[in-house]
Amino acid sequence: MPQPPRLLDQVRQTMRLKHLSLRTEESYIYYIKDFIFFHDKRHPREMGVPEIRAYLSHLAVDRHVAASTQNVALCALLFFTAMCCTSSCQTLTTSSVLNAQRACQ
């Protein structure tokens, strides 16, 4: 019996079905992998808004990335959570993450 595709392979397949550009695919995969490794390889279904905020803060504070780079990372994570997560992540939107982030500042 063949094994189901790995999580990132499923992400790639979904991106190709949606006809996203190869560069977008590469960027999104990079930030999704970085997000997972940042949180010590926890499964994305176990994570939500606080983990996304922590990761975006890490990008801004520790890596000193530009706002546009943070936006790409956020879009990648929103795409990823909408595609694969069935928990509370499923209803994430840009405004819900940003509003939660503003409330903590």
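Just above sits the structure.
The structure reproduced in this document is the subject of the present report. A quick note: this is a predicted structure, and the numbers were derived from the prediction, not measured.

1. Some details on the overall build of the protein chain
Move 1: Regarding its fold elements, the protein chain presents five helices and zero strands.
Move 2: From first element to last, N terminus to C terminus, the protein chain shows the α and β order α-α-α-α-α.
Move 3: Among the 105 residues that make up the protein chain, the fraction classed as buried is 35%.
Move 4: Counting only carbon and sulfur atoms, one obtains 54% of the accessible surface of the protein chain, whose full area is about 6600 Å².

2. Concerning unusual backbone geometry
Move 1: Even without being glycine, Lys41 reaches a positive phi, approximately 60°.
Move 2: When you line up the elements, Lys41 lands in the loop between helix 2 (22-38) and helix 3 (49-61).
Move 3: What makes Lys41 exposed here is its relative accessible area of 58%.

3. Concerning the nonpolar core
Move 1: Formed by 22 residues in total, the largest nonpolar core has its most connected members in Val11, Ile32, Phe35 and Tyr55.
Move 2: Contributing elements (two or more residues each) for this core: helix 1 (7-17), helix 2, helix 3 and helix 4 (67-84).
Move 3: The leading source of residues in this core is helix 4, at eight residues.
Move 4: Discounting chain neighbours no more than four positions away, the residues touching Val11 are Ile29, Ile32, Phe79, Phe80 and Met83.

4. What to know about helix 1
Think of an α-helix as turning once every 3.6 residues; residues three or four places apart then point the same way.
Move 1: Of all the residues in helix 1, the buried ones are Leu8, Val11 and Met15. For helix 1, the angular spread of buried residues about the axis comes to 50°, placing them on one side. Opposite the buried face of helix 1, by more than 90 degrees, sit the exposed residues Arg16 and Leu17.
Move 2: Close packing links the buried residues of helix 1 with helix 2 and helix 4.
Move 3: Count one or two residues on from helix 1 and you reach His19, which has phi positive near 60°.

5. A few points about the environment of Ile36
Move 1: Relative to the helices and strands, Ile36 resides in helix 2.
Move 2: Of the residues examined, Ile36 reaches a relative accessible area of 15% and is grouped as buried.
Move 3: Separated by 19 residues in the primary sequence, Ile36 and Tyr55 place their C-alpha atoms 9.5 Å from one another.
Move 4: Once residues lying within four places of it in the same chain are set aside, the contact partners of Ile36 are Lys41, Arg42, Pro44 and Phe80.

6. Some words on the pattern of salt bridges
Move 1: All told, the structure shown has seven salt bridges when counted by the stated rule.
Move 2: Its salt-bridge partner being Arg42, residue Glu46 comes within 3.8 Å of it at the nearest N-O pair.
Move 3: Relative accessible area serves as the criterion here: at 53%, Glu46 is assigned to the exposed category.
Move 4: Given the relative accessible area of 30%, Arg42 is considered partly exposed.
Move 5: For Glu51, the salt bridge is made with Arg42, and the minimal N-O distance between the two is 3.4 Å.
Move 6: A relative accessible area of 15% means that Glu51 is categorised as buried.
Move 7: Beyond isolated ion pairs, a larger network of salt bridges with shared partners links Asp9, Arg12, Arg16 and Glu25.

Definitions and cut-offs
Residues numbered from 1 in each chain as written. Predicted model: local features only at pLDDT ≥ 70, side-chain atom pairs only at ≥ 80, totals over all residues. Heavy atoms only, no water. Helix = DSSP H or I, 4+ residues; strand = E, 2+ residues; numbered from the N terminus. Buried < 20%, exposed > 50% of the residue type's maximum accessible area, 1.4 Å probe, protein only. Areas by Shrake-Rupley, 256 points an atom, 1.4 Å probe, with all protein chains shown as cover. Core = buried A, V, L, I, M, F, W, Y, C linked by side-chain atoms within 4.5 Å. Contact = heavy atoms within 4.5 Å. Arc of directions from axis to C-beta. Salt bridge = Lys/Arg side-chain N within 4 Å of Asp/Glu carboxyl O.

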